[in-house]
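What follows is the residue order along each chain.
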Amino acid sequence: MSTRTPNRWLSKTAVNGALVLAVVYMLFPLVWLLTAATKDAGGLLAGNAFSFEGFDLGGNLSRLAEYNDGIYFHWYANSLLYAGLGALACSLISVAAGYAFHVYDFRGKEKLFGLVLLGVLVPTTALALPMYLLASEIGVVNTYWAVLIPVLVNPFGVYLSRVFCAGYIPDEALEAARIDGAGELRVFWSIGLRMVMPGFVTVFLFQFTAVWNNFFLPLVMLSDQKLFPVSLGLYAWNSNAHAEPDFYPLVVTGSLLAVVPLVVAFVSLQRHWKAGLTAGSLK
Amino acid sequence: MKARTRAATLLLTPFFVLFTAVMVVPIGYAVWLSLFTEKQSGLGFGGTETVFTGLDNYTAALGDRAFLEGFGVLLGYCLLYIPLLLAGALGLALLLDSALARARRFFQLALFLPHAVPGIIAALIWVYLYTPQLSPVVQAMDAGGIGFDFFSPEGTLPSVVNIALWEWLGYNMVIFYAALQAIDRSVIEAATVDGAGAWRIAFAIKVPLVKASLAMVGLFTIIGSLQLFTEPLILNKGTGSAVTSTWTPNMYAYTAAFDRNDYGLAAAASVLLALTAALLSFAVTRLTGRRKAGTARQAAPARKAATARQEQPA
């Protein structure tokens, strides 16, 4: 007994110590982003991350708001529009399809579902260029639609929705609604969709993040700065920063603000992303 | 019955119309485009005309050293990144799953957090952390006598791998941890009673039981790796690094399309990349011999069990 206790204490320290080290690696860049956003260009270039040399958070924020008539917040609103509206519509479309796959039997169903699963494996960046050329044929390049329409499709969302429907919607509930005389679409809308709400929120969260983080598609599709999402705007600013170091604080402060909504979403919706990842992993 | 067929059609139509427009048609269009080349007519004053050139774009791409070197870079990237990612994520998950770990919720969240950071911003942060004038890391390393140039020819691959690891380690750790938590605890108790130690339980019992998750993560990581673009693009733009504008096949396609306006060549490069992804997916699925996908009903109880376990206070 007396030999086991210090041994166990040692192992415990080793296990938790290794985890703490991993956390330091993960959080260090974020802490740097936080402190860097408080510095002016001079303080940044001095490189001492944890001193408050050149502290000027207020100045950074007001320069961010003023630069080019506040274009940064215009980008921010665009990101909210692309990610919010896109993810909302995408989740509804995905859940409708996943629900249909779960509830109804029809010919060729599993083949069709196989096609959806195949869609999960398509490298999306290989599609961006043909999508751009198609979009320019029909004249939607450099419009909101060019970024909004492609993000409505998420085959993985359909897969997740089917898994969630299987887990959350008992057949009896649907039968009961049918006996009460509800039509099929009404059953979906007021029973099925309501019961699978956790799945809906999960798909929404994943798609919102994906669209907010989307870079390649807007890079290809958009040339008008007014339509840029934050990711593309920061990229454009960063390209200037090598010539003009004054852009560094703009990029860093802008990056910090762009990370905030996602961090908040992930911290407050832990249950959902864990459920989503788990459902995906047991495919 | 007719009402049900109608409802199924109505609910599936929006997805499949968009799926066709956004995925099927572009794939077809890319293949079509790859068979044509824009040729300057006469002395170049008469504008361009599009000429059918068969597989010429494919031979041009495959004959271009820059394109092939891109695949070489990808190979090196995968050989470095994938083992580190799988071993790192699985190792962290096993640590978290061991009876000794404390504050499991906190560790999960903290390790996952980088995944919430947009890829472009992750790349920007790390490039700043690699830049000697800006970086406390480089300065600390210099002070410690480790001179490492993250932008040098030998440094760029580890630089990019580090960014990708930072972004994906926690994400995959959560997947593995969830799979580990879904293991029937009585199996582990039985092994403990039989006198197996923590290491033996981890490697002889737990790891074999989460092989399906390992295969899935491996597959998605390969597909993701082939698309490598954002991180090296940031390293390429004006940092004076050894990353060229055709460093990965995806960057090659982008450069062909938007710097040289050679859409046929760009399409051919994209198609070759997608084919590689398809072949590798097929190979990985075959090699790991997973059961057939698509039985959502089977997965559901297991998933529920896993989430139920996860929601217990740690």
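Residues numbered from 1 in each chain as written. Chains lettered and ligands numbered in written order. Predicted model: local features only at pLDDT ≥ 70, side-chain atom pairs only at ≥ 80, totals over all residues. Heavy atoms only, no water.

Draft legend 1. Layout of the overall build of chain B. Along the backbone of chain B there are 14 helices and two strands. In chain B, which comprises 314 residues, the proportion classed as buried is 53%. Restricting the contact set of chain B to residue pairs at least 6 apart, pairs at least 24 apart contribute 65%. For chain B, the accessible surface area stands at approximately 14300 Å², while carbon and sulfur atoms represent 65% of it. (Helix = DSSP H or I, 4+ residues; strand = E, 2+ residues; numbered from the N terminus. Buried < 20%, exposed > 50% of the residue type's maximum accessible area, 1.4 Å probe, protein only. Contact = heavy atoms within 4.5 Å. Areas by Shrake-Rupley, 256 points an atom, 1.4 Å probe, with all protein chains shown as cover.)

Draft legend 2. Seen up close, the confidence of the model for chain A. This prediction gives chain A a mean pLDDT of 87; 93% of its residues lie at or above 70. Mean pLDDT per element in chain A: helix H2 (residues 41-46) of chain A is the minimum at 71, and helix H4 (residues 71-103) of chain A is the maximum at 95. (pLDDT = per-residue confidence, 0-100.)

Draft legend 3. Focus on the UniProt feature "domain: ABC transmembrane type-1" (unreviewed entry) in chain A. Mapped onto this numbering, the UniProt entry annotates "domain: ABC transmembrane type-1" (unreviewed entry) at residues 76-268 of chain A. Annotation note: span residues 76-268 of chain A, helix share 78%, strand share 0%, distance between end C-alpha atoms 21 Å. (UniProt positions renumbered as here; feature names shortened; annotations may be inferred.)

Draft legend 4. Region of interest: the state of the cysteines. In total, this model carries zero disulfides over all chains according to the counting rule given. Free of any disulfide, Cys90 of chain A has its nearest neighbouring cysteine sulfur in Cys165 of chain A, separated by 14 Å. (Disulfide = S-S within 2.5 Å.)

Draft legend 5. Examining the nonpolar core more closely. Of all hydrophobic cores here, the largest spans 204 residues; its most connected members are Tyr72, Tyr99, Met221 and Trp237 of chain A together with Phe15 and Met173 of chain B. If we skip the residues at most four places from it in the chain, Phe15 of chain B touches Ile93, Ala97, Val116, Val153, Asn154, Pro155 and Val158 of chain A. (Core = buried A, V, L, I, M, F, W, Y, C linked by side-chain atoms within 4.5 Å.)

Draft legend 6. Structural detail: the packing of H4 of chain A against helix H14 (residues 247-268) of chain A. Residues and elements named next belong to chain A. In the contact formed by H4 and H14, the axes pass within 12 Å of each other and the chain directions differ by 25°. As far as their axial angle goes, H14 and H4 are roughly parallel. Viewed along their axes, H4 and H14 form a crossing whose handedness is right-handed. Residues Tyr72, Phe73 and Tyr76 of H4 touch H14, and the partners they reach there are Gly254, Leu257, Ala258 and Pro261. Split by residue class, the contact of H4 with H14 holds six nonpolar, one polar and no charged. (Axes fitted to C-alpha atoms, helices over the stretch in contact; angles between N-to-C directions. Parallel < 35°, antiparallel > 145°, perpendicular 65-115°, else oblique. Left-handed = near helix turned anticlockwise from the far one by under 90°. Nonpolar A, V, L, I, M, F, W, Y, C, P; charged D, E, K, R; others polar.)

Draft legend 7. The interface of chain A and chain B, seen in detail. Every contact between the two is made by 108 residues of chain A and, on the other side, 103 residues of chain B. Taken over both partners, the interface formed by chain A and chain B buries close to 9500 Å², and the fraction arising from carbon and sulfur atoms is 78%. Seen at the junction of chain A and chain B, the total is two salt bridges. Residue Arg4 of chain B is joined to Glu184 of chain A by a salt bridge in which the shortest nitrogen-to-oxygen separation is 3.7 Å. Here chain A is connected to chain B by seven residue pairs in polar contact (both at pLDDT 80 or more). Residue contributions to the side of chain A that touches chain B peak at 18 residues, all from helix H1 (residues 4-36) of chain A. In terms of residue class, the side of chain A that touches chain B is made up of 77 nonpolar, 20 polar and eleven charged. (Buried area = accessible area lost by both parts, 1.4 Å probe. Salt bridge = Lys/Arg side-chain N within 4 Å of Asp/Glu carboxyl O. Polar contact = N/O pair within 3.5 Å; in protein donor to acceptor, adjacent residues only side chain to side chain.)

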